[in-house]
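Tertiary structure, described
What follows is each chain in one-letter form.
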Amino acid sequence: MATTSRALDPDSGATARPRTAWLRLTLHYVEMVLAMFAGMLVFGGLRALLGLTFAFDAHPGAHYLLMATDMAVGMAAWMLLRRHGRACTLEMCAAMYVPAVLVPLVWADVMSGMAFMTAAHVLMMVAMLAVLLRRRHEYCH
């Protein structure tokens, strides 16, 4: 007796919807990363031109917070342009600042500046993914 399942049938519309949803989530994640880079380049560049920056070696925590702000502004601008809600935008921007919990480790010389920056970026990406998955129904439509 042969059984068929819509979930296993590659031509089924049932499998197309979840794949499309995951593709949209993936594309949104990539868009957010690109918007972060754009914000970092544009606003970080403007700050550097105006002399409103900190040397990374001397102040890795302050350097990170300014960079996170540059990325959050770029990402928020893109999300608002794409008509995402304010709550989604604020949560995604807040993900940029989650790694700030590691700054005291740098101050206490428990973690080097470079180790902090590496851990901060990994933690930031994980926090962004958590926000994306938490609000996946909003990002899929």
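Residues numbered from 1 in each chain as written. Predicted model: local features only at pLDDT ≥ 70, side-chain atom pairs only at ≥ 80, totals over all residues. Heavy atoms only, no water.

Some remarks on the overall build of the chain
For clarity, the threshold we go by: Numbering goes from the N terminus for both helices and strands, where a helix is a DSSP run of H or I of at least four residues and a strand is a run of E of at least two. Only protein chains enter the accessibility calculation, which uses a 1.4 Å probe; a residue whose area is less than 20% of its type maximum is buried, one above 50% is exposed, and one in between is partly exposed. Only heavy atoms matter for contacts: two residues are in contact if any of them lie within 4.5 Å across the pair. Under the convention used here, a 1.4 Å probe and the Shrake-Rupley method define accessible areas, while residue burial counts only the protein chains that appear.
From N to C terminus, the chain includes 6 helices and 0 strands. Traced from its N-terminal end to its C-terminal end, the chain shows the element sequence α-α-α-α-α-α. Across the 141 residues that make up the chain, the buried fraction comes to 34%. Sequence-distant contacts in the chain: of pairs separated by 6 or more residues, those separated by 24 or more amount to 71%. Roughly 8900 Å² of accessible area belongs to the chain as shown, and the carbon and sulfur atoms make up 69% of that amount.

Thoughts on the packing of aromatic side chains
Heads up, the condition is: Geometry of aromatic contacts follows a simple scheme: Phe, Tyr and Trp rings, the Trp one being its six-membered ring, pair when their centres are within 6.5 Å, and the pair is stacked under 30 degrees between planes, edge-to-face over 60, tilted otherwise.
Enumeration over the complete set of coordinates arrives at 1 aromatic pair. With a centroid separation of 5.6 Å and an interplanar angle of 80°, the aromatic rings of Tyr64 and Phe116 are classed as edge-to-face. With a gap of 52 residues between them, Tyr64 in helix α2 (residues 60–81) and Phe116 in helix α5 (residues 113–134) connect regions that are remote in the sequence.

Some words on the confidence of the model for the chain
A low pLDDT score tells you not to read the predicted coordinates there in detail. For clarity, the cut-off: One number per residue, pLDDT, summarises how confident the predictor is, and it ranges from 0 to 100.
For the chain, the mean per-residue pLDDT works out to 88, and 88% of the residues sit at or above 70. Of all the helices and strands in the chain, helix α6 (residues 136–139) carries the lowest mean pLDDT, 82, while α5 carries the highest, 96. In this model, residues 2–15 is a region of pLDDT below 50 whose contacts with residues beyond four sequence positions or in other chains number 6 contacts.

Some thoughts on the nonpolar core
Selection criterion: What we call a nonpolar core is a set of buried Ala, Val, Leu, Ile, Met, Phe, Trp, Tyr and Cys residues that are connected through their side-chain atoms within 4.5 Å.
Tyr64, Met75, Met92, Met96, Phe116, Met128 and Tyr139 are the most contacted members of the largest nonpolar core, which totals 32 residues. Sorting the residues of this core by element identifies α1 (13–50), α2, α3 (86–94), α4 (103–107) and α5 as the ones contributing at least two each.

A look at the side chain of His28
Here His28 shows up in helix α1. Look past the residues within four positions of His28 in its chain and what remains in contact with it is Met79, His84, Met92, Leu132 and Tyr139.

With respect to the environment of Tyr29
The condition that has to hold: What qualifies as a polar contact is a pair of N or O atoms within 3.5 Å, subject to a donor-acceptor requirement within protein and to the restriction that residues adjacent in sequence count only when both atoms come from side chains.
Relative to the assigned elements, Tyr29 resides in helix α1. According to the relative accessible area criterion, Tyr29 is partly exposed, its value standing at 21%. Non-local contacts of Tyr29, meaning those with residues more than four positions away in its chain, are made with Met125, Met128, Leu129 and Leu132. A distance of 3.0 Å separates a polar atom in the side chain of Tyr29 from the backbone oxygen of Met125.

Description of the pattern of salt bridges
Spelled out, the test is: What makes a salt bridge here is a side-chain nitrogen of Lys or Arg within 4 Å of a carboxyl oxygen of Asp or Glu, nothing more.
Under the defined criterion, the tally for this structure stands at 5 salt bridges. Put simply, Glu91 and Arg134 hold a salt bridge, and the shortest N to O gap is 3.0 Å. With Glu91 in helix α3 and Arg134 in helix α5, this residue pair connects regions lying 43 residues apart in the sequence. When its relative accessible area of 54% is taken as the criterion, Arg134 is described as exposed. Salt bridges sharing partners connect three or more residues here, namely Glu91, Arg134, Arg135 and Glu138.

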